[in-house]
Each structure stands twice: as C-alpha cells, then as structure tokens.
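# Observations on chain architecture
The primary structure of each chain is shown beneath.
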Amino acid sequence: MSNFRWVICALLFLATTVNYMDRQVLSLTWKDFISPEFHWTDSHYGNITAAFSVFYAIANLFAGKFIDWMGTKKGYLIAIFVWSLGACMHAGCGWAAMKWGGYGSVAELGKLTGDAAVMLATISMYMFLACRMILALGEAGNFPAAIKVTAEYFPKKDRAFSTSIFNSGASVGALAAPATIPLLARAWGWEMAFVIIGVLGFVWMGLWMWLYEKPHKSKYVNQAELNYIEQDGDIAVVQNKQEAKEEKTISFWKCFTFKQTWSFIVGKLMTDGVWWFFLFWAPAYFSDQYGYTSDSTMGILLILTLYLIVTVVSIGGGYLPTYFVEKRGMNPYLGRMRAMLIFACFPLLGLLAQPLGAYSAWWPAILIGLLGAGHQAWSANLYSTIGDMFPKSTIGTITGIGSMAGGLGSFAINKGSGEFFDWAAAQGSAYTVYGFEGKPAAYMVVFSICAVAYLIGWVIMKTLVPKYKPIVVE
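Residues numbered from 1 in each chain as written. Predicted model: local features only at pLDDT ≥ 70, side-chain atom pairs only at ≥ 80, totals over all residues. Heavy atoms only, no water.

### Brief notes about the overall build of the protein chain
Secondary structure assignment for the protein chain yields 17 helices and 2 strands. Over its C-alpha trace the protein chain gives a radius of gyration of 22 Å, about what one expects of a compact globule, namely 23 Å for 474 residues. Overall size of the protein chain, expressed as C-alpha extent along the three principal axes, is 75 × 50 × 40 Å. Taken across its 474 residues, the protein chain has 59% of its residues classed as buried. Within the protein chain, residue pairs in contact and separated by at least 24 positions form 82% of the contacts whose partners lie at least 6 positions apart. When the accessible surface of the protein chain is totalled, it reaches about 17500 Å², and 68% of it is carbon and sulfur. Here the protein chain holds 33 positive side-chain charges and 28 negative ones, and the gap between their average locations is 9 Å. (Helix = DSSP H or I, 4+ residues; strand = E, 2+ residues; numbered from the N terminus. Rg over C-alpha atoms; globule rule 2.2 N^0.38 Å. Buried < 20%, exposed > 50% of the residue type's maximum accessible area, 1.4 Å probe, protein only. Contact = heavy atoms within 4.5 Å. Areas by Shrake-Rupley, 256 points an atom, 1.4 Å probe, with all protein chains shown as cover. Lys, Arg positive; Asp, Glu negative; His and termini not counted. Charge placed at Lys NZ, Arg CZ, Asp CG, Glu CD.)

### Description of the side chain of glutamate 37
For glutamate 37, the location among the structural elements is in helix α1 (residues 4-38). A polar contact is formed between the side chain of glutamate 37 and the side chain of tryptophan 190, at a distance of 3.4 Å. (Polar contact = N/O pair within 3.5 Å; in protein donor to acceptor, adjacent residues only side chain to side chain.)

### Things to note about the nonpolar core
Ranked by internal contacts, the top residues of the largest apolar core, which has 146 residues, are Trp40, Phe128 and Phe277. Residues in contact with phenylalanine 277, not counting those within four places in the same chain, are Ala282, Ile413, Asn414, Ser417, Phe421, Tyr443, Val446, Phe447 and Cys450. (Core = buried A, V, L, I, M, F, W, Y, C linked by side-chain atoms within 4.5 Å.)

### Let's talk about the pattern of salt bridges
On inspection of all chains with the given rule, the structure shows 10 salt bridges. Close ionic contact of lysine 439 with aspartate 42 constitutes a salt bridge, the shortest N to O distance being 2.6 Å. With a gap of 397 residues between them, lysine 439 in helix α17 (residues 439-464) and aspartate 42 in helix α2 (residues 42-70) connect regions that are remote in the sequence. Judged by its relative accessible area of 4%, aspartate 42 is buried. Note that glutamate 419 and lysine 415 form a salt bridge whose closest N and O atoms lie 3.3 Å from each other. On the criterion of helical spacing, the pair formed by glutamate 419 and lysine 415 is a turn pair, its members being 4 residues apart in helix α16 (residues 395-427). Among the ionic contacts, a cluster of salt bridges with common partners joins Lys31, Asp42, Asp288 and Lys439. (Salt bridge = Lys/Arg side-chain N within 4 Å of Asp/Glu carboxyl O.)

### Considering the packing of aromatic side chains
Under the counting rule described, the total for this entry stands at 52 aromatic pairs. Their ring planes at 25° and their centres at 4.8 Å tell us that phenylalanine 4 and tyrosine 220 sit as a pair that is stacked. Of this pair, phenylalanine 4 sits in helix α1 while tyrosine 220 sits in the loop between α8 (190-211) and α9 (223-229), and the two are 216 residues apart along the sequence. On the accessibility criterion, tyrosine 220 (30% relative accessible area) is partly exposed. Seen in terms of ring centroids, phenylalanine 66 and tryptophan 69 are 6.1 Å apart; in terms of plane orientation they differ by 55°. Their pairing is tilted. Here tryptophan 69 and phenylalanine 66 lie together in helix α2, a separation of 3 residues that amounts to about one turn. Lying over the aromatic face of tyrosine 20, arginine 23 brings its terminal NZ or CZ to 4.5 Å of the ring centre. If you follow arginine 23 out to its NZ or CZ, it ends over the ring of tyrosine 56, 5.1 Å from the centre. (Phe/Tyr/Trp six-rings, centres within 6.5 Å; stacked < 30°, edge-to-face > 60°. Lys NZ or Arg CZ within 6 Å of the ring centre and 35° of its normal.)

### As for unusual backbone geometry
Unusually for a residue other than glycine, histidine 39 sits at a positive phi of about 65°. By the element assignment, histidine 39 lies in the loop between α1 and α2. Here tyrosine 434, not a glycine, exhibits a phi torsion of approximately 50°, which is positive. Its place among the elements puts tyrosine 434 in the loop between β1 (432-433) and β2 (436-437).

### Quick notes on α8
The end-to-end C-alpha separation of α8 is 34 Å, in line with the 32 Å expected for 22 residues at 1.5 Å each. Of the residues making up α8, those classed as buried are Trp190, Ala193, Phe194, Ile197, Gly198, Gly201, Trp204, Met205, Trp208 and Leu211. Along the long axis of α8, the arc covered by the buried residues comes to 150°, so they all point the same way. Away from its buried face, by an angle of more than 90 degrees, α8 presents the exposed residues Val203, Met209 and Trp210. Buried residues in α8 make contact with α1, α3 (72-89), α4 (93-101), α5 (114-139), α6 (142-153) and α7 (156-188). (Expected span 1.5 Å × (residues − 1). Arc of directions from axis to C-beta.)

### Looking at the environment of alanine 358
If you trace the backbone, alanine 358 turns up in the loop between α14 (353-357) and α15 (362-389). The class for alanine 358 is exposed, based on a relative accessible area of 63%. Note: C-alpha distance between alanine 358 and glutamine 289 (69 residues apart in sequence) is 9.7 Å.

### Notes on the environment of leucine 341
Within the secondary structure, leucine 341 is located in helix α13 (residues 332-345). Taking the C-alpha atoms as reference points, leucine 341 and lysine 462, separated by 121 residues in sequence, lie 9.9 Å from one another. When residues no more than four places from it in sequence are discounted, the contact partners of leucine 341 are Leu455 and Trp458.

### Description of the confidence of the model for the protein chain
For the protein chain, per-residue confidence averages 87 on the pLDDT scale, and residues scoring 70 or more make up 95% of the total. Within the protein chain, the element-level pLDDT minimum falls on helix α12 (residues 320-326), averaging 73, and the maximum on α17, averaging 95. Counting interchain partners and residues more than four positions distant, the pLDDT-below-50 stretch residues 235-245 has 17 contacts. (pLDDT = per-residue confidence, 0-100.)

### Comments concerning the packing of α1 against α3
The contact between α1 and α3 brings their axes to 10 Å, and the two run at 25°. As judged from the angle between their axes, α1 and α3 are roughly parallel. Judged by the sense of rotation from one axis to the other, the crossing of α1 with α3 is left-handed. Residues Leu12, Ala15, Val18, Asn19 and Asp22 of α1 form the contact with α3, whose participating residues are Tyr76, Trp83 and Ala87. (Axes fitted to C-alpha atoms, helices over the stretch in contact; angles between N-to-C directions. Parallel < 35°, antiparallel > 145°, perpendicular 65-115°, else oblique. Left-handed = near helix turned anticlockwise from the far one by under 90°.)

### Here we look at the packing of α1 against α8
At a closest axis distance of 9 Å, the pairing of α1 and α8 adopts a crossing angle of 165°. In terms of axis orientation, α1 runs roughly antiparallel to α8. α8 is crossed by α1, and the crossing has left-handed handedness. When the residues that make up the contact of α1 with α8 are grouped by side-chain class, the tally is 23 nonpolar, 3 polar and 2 charged. (Nonpolar A, V, L, I, M, F, W, Y, C, P; charged D, E, K, R; others polar.)

Here is the structure:
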C-alpha cells in the first residue's frame, strides 16, 4: 500500500505553519518595534486584533462554502495567495503613514507628540486594519480546506490523529515565530519580517500545484491505499479508482437546522478565542509583567518554551480517540467526546499562571503551554467531529460556519482584553483581584475565563448531541 496520504498531511502541516507565522508577525513586533514608531496603546492593538477576528469570522462563513464549490485544489491555492499577499502588504504601512503625514522619513514618526502623535496612531491603526482584513480573508480558507482534505485522504479512525499532526502546524508556527521574527525585525526592520514570512506562502503554492489531486485521481495513490482511505463506506464499494463518485451536498441554510452543526458552533465559539488570546497577547504579557521584550533572549526562550510544550503534548492528543475506538471498542464520536472531556481539563491549569508567576516567569510559560496543548488536542478532535457526522461534500461548509463562531469569540476576548487592560492599568491599586492590582489583576480575570471555557463548551456540546448520529443526504 502506498502512503501518499501522509505527504498530503505534511503539506497541510506546512500550510498551517505558514498561516500562523503570518498571523504572529504583528503580535511579536507591535510592542517593541511598531508601537514606538506609531504611538500605539493596548487599545489600538486590541482594536486591530479584534477587527481581524471579526472579519476572519465573517470570511469563514463563506470560505467553507467557497472551498466546497471551488474544490480543495483551486480553493486552497486562492486562499494562500490572498493571505500571503496581505501579509506582505503590512510592510508598506510605515511608508504609507510617512507619505500621508508628509514627513521626510519613517524615523520622524516616533518623535511626534501631542495631537500629531494621536492622529498618526489612529491613521496607522486603520492602515494595519486594512492589511489584516486581506490576511483574514485568505486565512479563513485554511482550515475548511485542510479539514476537507483530511476527510478525503483519511478514514474516520485516523482523522483526529492526522488532524492533530497538521493542526500542530499552528503550534510549530507559533514556536518558529518568536525564534525568527524578532531577530528579523531587529536585523532588517519589522517591515522585512512581514515580507520574508509572507513569501513562504507563495513557495507552498508551487508544492500544492505539483502534488495534490483527489485520492482516486492521484497517480501517487495505489488501489490498496484508496481502499484503506474509503474503508468507512463514505463512497460505495470502490472496485477500482475510476468508480469513485462524488456525494450530494447539503445547502448552506439547511446546515443550520442540524443540532450537530450547532454543537460544532458552540465548541468553536467557546474555545477559539482562548487560543487566539494567548497567541496575540503572550509576547505583550511577558513584556508587560516581567520586562522581557520579544527580541530579548529571555523573552524568546519563554515563548519558545510555551509553544514547544504545546507542540509536543498536543500531537499525542490526536491519538487518544484512536485508542478509545480500537482498544475500548467505542464508536468514533463517543471516543472523540471522551478524549475532549480529558483535554477540557487541561486549561484549568491557567488558574495558577498568575499566582505562580509571582515566583518566576517560567511558571506562566509552562502552564499556558499546557493550556495551549489542551486546546490544540481539543481542536483536532473537534474538527474531526465534522467528518464523523457530515458527508465529505459538506465538510468545508460546516468548518467555515464553526470557524466563523470561533472568530466571533476571538473578537470578543481580544477587543474586551485590550480595553480591559488599559482600564485596569489606569485604575492601578484601586482595582484588585485575588491580591493582584491594576493590569496584573486584569490578566488574572482573563486567564480565569479562559480556564473554564472548555468544560462549559463540552457540556453544551454533549447536551446538543448526546450520541453518535450522522447526517444522511437523501
């Protein structure tokens, strides 16, 4: 049997890695490189991340249907082209702000004061917002396409594991980003950091055009591997590769009539914002609370440790449902929900991050890393519930709908956190939570919300879909 499905999984991993590196460039450069130049506050950055989240959410609503309509090969190519272009465009914001203000050089921007500085902060914020929207439009296509490809190339029992592998690209991207982006920004300027990371997407496009076809059309997939892929009977018994048939699809609005859709929506709404909060705010957190800038040796080591834990621990999480199915005899959905309950307990460690952080910055790095590992393992299994319940022809649509909900959750937590942090900092000792004052108290509150979100989400999902009930297209 050929094993080309793992080559495809590797491509999905690379795309997701690039996706998250493009997303991380701003979070790793704004506090120490961009903010001094454009006079941003936490609220400015919170507005940018919130706008990215809500536009990403809206784009996801249509991206899944677009992928189902366009097909995974063309749809994925278009998505990564758009987000790579948007990533590179960020580099022009400094030049555009300079031209808008009529200044002789970008260096003059950081010296502005008073109303001129306020105006520059506002204008530059909207310039970055425009670039982030283009980035969000393209990135919205990544997970609908990747989940659809996973369902095309893997049987149900292997999907959580393969999803955890490609989804670990999010962790690896977040791991590679702090090791490279601050150093690039320090050596060649923050603009080149956006350009160099953005160009990686164009390289990936060449690999995708060369290697991807659907399994029954691929010259790299032999009959034995095709039979293995189709062992669930999603397509009627395949006697030879030419007999594979496309399934009927479900209309967009009809998807909302199923409890299975709403279960996935709830799972994404309750938990995606947690991951995005730590993705966007962790560098600023270590800079604010401990004075370790994103380009300092200690700052880089803390972020690297955090995402190394996420990467290593989360991949094993994708195998747990396979154990429940093969060793314990559970159906895929029941095994997946059992695994998700276990992973929903990991984020509770976030309750200890701030208290133990009083002793060392390493404690938050380790505990947030374990929280993130729980999220990634949760997310891999959550995505796989779509393949358990829905036909392959509709997977992109359902993924997009759920990802929209996740984007809305991210908008709420990032917008709220930016405003909350500025407010708490202004209050100082007048605002206290569990012995913490000012902004540290605000971090404690947000960490606590993140810690319990997964268990609440799991209970609602289990209530909506208590047992395995696949959707059948008549």
